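# Residue-level structural notes
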Amino acid sequence: MSLASFLAELDALAAEAVKAFAAAMDAAALEAARVEYLGAKSGKLKDAQKGLGTVGKDDKPAAGKKFNEVKQAVEAAFAAAQERAGSGDAAVSSGPPFDPSQPGARPRLGHLHPLTQTIDELKDIMGRLGFSVAQGPEIEDERHNFEALNIPQAHPARDPLENFYLATAEKLGAGPMLLRSQTSTVQIRVMEAQRPPVRIISLGRVYRPDTADATHYPMFHQIEGLLVDKHVTMADLKSTLRLFAKSYFGGEVHIRFRPSFFPFTEPSVEVDMQWHDRWIEMGGAGMVDPNVLRAVGYDPDEVSGFAFGLGVERVCARRHHVTDIREFYRNDVRFLEQF
Ligand code: DAH
């Protein structure tokens, strides 16, 4: 072969290879082009190299130099094409080229936990009845958890085995402190801080050393209600709870009071409501005991009040037919997704 035709062949090959690399749309096509032109065994460049042996002896240096130049140029074109296709990793750069005008992939959104939804809804319902939201600490002293609530030292509810007392508080000499066992503590905190009339609810966590089962959990939520004013009666309590139940459960609701006992109310009742021809227990309630009013400096001859305390897990479970309250704490999205 003459030197001129060898050089022409190389030029044509280089142009063809550069064009092929540029046209490769993805990593697989680019790899195919690489094998076609730069393949070590039967690439077109390898073939062209064989032509070197056919040029005249005197032309060999020029032909070899040209071959090396072309080879480098083709390799550089391949490297550039590879760069353009991304990292050169087939898994990353295969597939159609990125189109910035395409809509994005929608991320999977979560939502509020069913108990949070319930708490928000209860606040909403009671807010419409004129109750504002009050808060109290989860770590409490004995005055707010027991004494001001008329729960005497010897009462079984104060047994250390029935409560989460905090060992550190004792060590610090701060007096006994415990994780509150009921949101009734907030009744005391609110009444200490303001004069009547009072019309509040409080929603939050309470703690008891109970073994977890379908209806118990060592931490759960209560909604506490307190209304203190002149001439408050049991009828006000009953109609408030009926309106509450009607709003939360829907439909025509009957409320039933069963005589009961709580140290902080007199008289005390357990509240049942009829739902789908079943009576279900909602919680405790009653007229605020005069001793409680006195403990916060209110005059029981001037004002009276009612209070109630309901389990949030319980009302939520009833409405949604959840049979095991532990489901609320398992964080299984298959359960949570249903709310
Ligand atoms: N604190 C009571 C409990 O945890 C529930 C309760 C009963 C709250 C009667 C009240 C009430 O405000 O009046 O079992």
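Reference entry: report on the structure contained in this document. Given the structure is predicted, the values throughout are model-derived calculations rather than measurements.

## Considerations on the site of the ligand
- Close contacts around the ligand come from 15 residues, with Gln182, Ser184, Arg208, Gln222 and Glu224 the closest.
- Between an oxygen atom of the ligand and a side-chain N or O atom of arginine 208, the distance comes to 2.7 Å.
- The contact in question runs from an oxygen atom of the ligand to an N or O atom on the side chain of glutamate 224, over 2.6 Å.
- In the complex, the protein chains occlude 90% of the 360 Å² of accessible area that the ligand would expose alone.
- Breaking the shell around the ligand down by element, the ones donating at least two residues are strand S6 (219-229), strand S9 (278-288) and strand S10 (304-311).

## Focus on the sheet that holds strand S3 (residues 164-165)
- Read across the sheet, 3 strands follow the order S2-S4-S3 without closing on themselves; strand pairing throughout is antiparallel. At either margin of the open sheet sits one strand with a lone partner, and together these are strand S2 (139-141) and S3.
- Bridge count between S3 and strand S4 (residues 177-179): 2 bridges; the pairing is antiparallel. Bridging from a neighbouring strand, tyrosine 165 pairs with leucine 178 of S4.

## Details of the pattern of salt bridges
- Taken as a whole and assessed by the stated rule, the structure comprises 23 salt bridges.
- The partner of aspartate 272 in a salt bridge is arginine 256, with the nearest N and O atoms 3.1 Å apart. One end of the pair, aspartate 272, is in strand S8 (residues 265-275); the other, arginine 256, is in strand S7 (residues 254-262), and 16 residues separate them in sequence.
- Judged by its relative accessible area of 3%, aspartate 272 is buried.

About the cut-offs
Residues numbered from 1 in each chain as written. Predicted model: local features only at pLDDT ≥ 70, side-chain atom pairs only at ≥ 80, totals over all residues. Heavy atoms only, no water. Near = heavy atom within 4 Å. Polar contact = N/O pair within 3.5 Å; in protein donor to acceptor, adjacent residues only side chain to side chain. Areas by Shrake-Rupley, 256 points an atom, 1.4 Å probe, with all protein chains shown as cover. Helix = DSSP H or I, 4+ residues; strand = E, 2+ residues; numbered from the N terminus. Pairing = 2+ DSSP bridges. Salt bridge = Lys/Arg side-chain N within 4 Å of Asp/Glu carboxyl O. Buried < 20%, exposed > 50% of the residue type's maximum accessible area, 1.4 Å probe, protein only.

None of the figures reported here should be taken as evidence of function without further support.
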